[in-house]
Amino acid sequence: MNINIGPNTLRVYEYLKNKNLQPNVIKNIMGNLVKESNMEFNKSENLNYSTIKIAKNAGIENINKLKNSEIKKLLNSPEDFANTAYANRMGNTEPDDGYKYRGRGYIQITGKDNYQMIADALGMPEIVENPDLILDNPKIALDAMYAYVEKNNLNDPKLTTKQAIDKINPGLKQQDKNKRAKDIETAFSSKVLDDMESKVSSMDETERMLMDSTPTGEFDPKEEVDPGDEENPRTR
């Protein structure tokens, strides 16, 4: 996990810092945001699986209980895959809810129940009917992410990195969980957080305007992949 401390990273850091979170909490949250969305606020979950093996490796119960012939019909069809993978889970009840309420944003909000929670927390009931609203701008995306953080007690300073990972991505295999925890501990060391603090504190008006407008991620694409990517399928 290679970090370029640019405007997008600093935007997230400053937002979390202003919530008066302890450094280890900021580390746990930001590290998982990198893994979930590459720290991009307008990221949608990629559910375009191309092989049965990769689909099964995603660790999704609704998929793994299917026959191989049934899984094959869902390959290269993100909508069909999502509607099967997330059917009758997390508040999804309608046939198309799986795709409608697929992962979005910094922390990849998934499932109708979570979108309802976000809508209530932000005072934006329209999010339930139009989940893409959380991708409209960084401020909404940050508020949506933090509503999820609070709901799942990810702001608890007693949480270890692995415990935070469990709360965000409980289906992750143990070996992948261990690797993610190690990556986060290394990438978001005290020195890195101090560097972020220094840069945020010394920003001039032009730099702050850039921070507020930058939409894209700042991580090495060789290191970070889209949620649901074949090499790193997102588990739920």
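Placed above this text is the structure.
1. Let's talk about the overall build of the chain
Helix and strand content of the chain: 13 helices and zero strands. N-terminal to C-terminal, the α/β element order of the chain is α-α-α-α-α-α-α-α-α-α-α-α-α. Burial analysis of the chain (236 residues in total) assigns 49% to the buried set. When contacts within the chain are restricted to residue pairs at least 6 apart in sequence, those whose partners lie at least 24 apart make up 66%. Counting only carbon and sulfur atoms, one obtains 45% of the accessible surface of the chain, whose full area is about 11200 Å².

2. What about helix α1 (residues 7-17)?
Within α1, nine of the 11 residues are buried, leaving the element largely enclosed by the surrounding structure. Turning to α1, its buried residues are Asn8, Thr9, Leu10, Arg11, Val12, Tyr13, Glu14, Tyr15 and Leu16.

3. Regarding the packing of α1 against helix α12 (residues 190-201)
Across the interface, α1 lies against α12 with an axial gap of 10 Å and an inter-helix angle of 90°. One finds that α1 runs roughly perpendicular with respect to α12. Across the interface between the two elements, Thr9, Leu10, Tyr13, Glu14 and Lys17 from α1 touch Leu193, Met196, Glu197, Lys199 and Val200 from α12.

4. Remarks on the packing of aromatic side chains
The geometry of two aromatic rings is summed up by the distance between their centres and the angle between their planes. On inspection of all chains with the given rule, the structure shows four aromatic pairs. Relative to Tyr106, the ring of Phe41 has its centre 6.5 Å away and its plane inclined at 50°; by these criteria the two rings are tilted. Separated by 65 residues along the polypeptide, Phe41 in the loop between α2 (23-37) and α3 (52-57) and Tyr106 in the loop between α7 (97-100) and α8 (112-122) bring together distant segments of the chain. The residues Phe41 and Tyr106 share a single accessibility class, namely buried. Summarising the aromatic geometry, the rings of Tyr101 and Tyr115 are spaced 5.5 Å apart at their centres and angled 45° between planes, so their arrangement reads as tilted. Of the two residues, Tyr101 sits in the loop between α7 and α8 while Tyr115 sits in helix α8, which places them 14 residues apart along the sequence. For Tyr101, a relative accessible area of 1% corresponds to the buried category. In this structure, Arg102 packs its charged tip against the face of Tyr99, placed 3.9 Å from the ring centre.

5. A short note on the pattern of salt bridges
In a structure, side chains of opposite charge can pair up when their charged atoms sit close to one another. For the structure shown, the criterion picks out 11 salt bridges. A salt bridge links Lys27 to Glu185, with the shortest nitrogen-to-oxygen separation between them at 3.1 Å. Taken together, the residues span a long stretch of sequence, with Lys27 in helix α2 and Glu185 in helix α11 (residues 174-187) at a distance of 158 residues. Ionic pairing is found between Lys43 and Glu40, a salt bridge with its closest N-O pair at 3.8 Å. The same class applies to Lys43 as to Glu40, namely buried.

What counts, and at which threshold
- Residues numbered from 1 in each chain as written.
- Predicted model: local features only at pLDDT ≥ 70, side-chain atom pairs only at ≥ 80, totals over all residues.
- Heavy atoms only, no water.
- Helix = DSSP H or I, 4+ residues; strand = E, 2+ residues; numbered from the N terminus.
- Buried < 20%, exposed > 50% of the residue type's maximum accessible area, 1.4 Å probe, protein only.
- Contact = heavy atoms within 4.5 Å.
- Areas by Shrake-Rupley, 256 points an atom, 1.4 Å probe, with all protein chains shown as cover.
- Axes fitted to C-alpha atoms, helices over the stretch in contact; angles between N-to-C directions.
- Parallel < 35°, antiparallel > 145°, perpendicular 65-115°, else oblique.
- Phe/Tyr/Trp six-rings, centres within 6.5 Å; stacked < 30°, edge-to-face > 60°.
- Lys NZ or Arg CZ within 6 Å of the ring centre and 35° of its normal.
- Salt bridge = Lys/Arg side-chain N within 4 Å of Asp/Glu carboxyl O.

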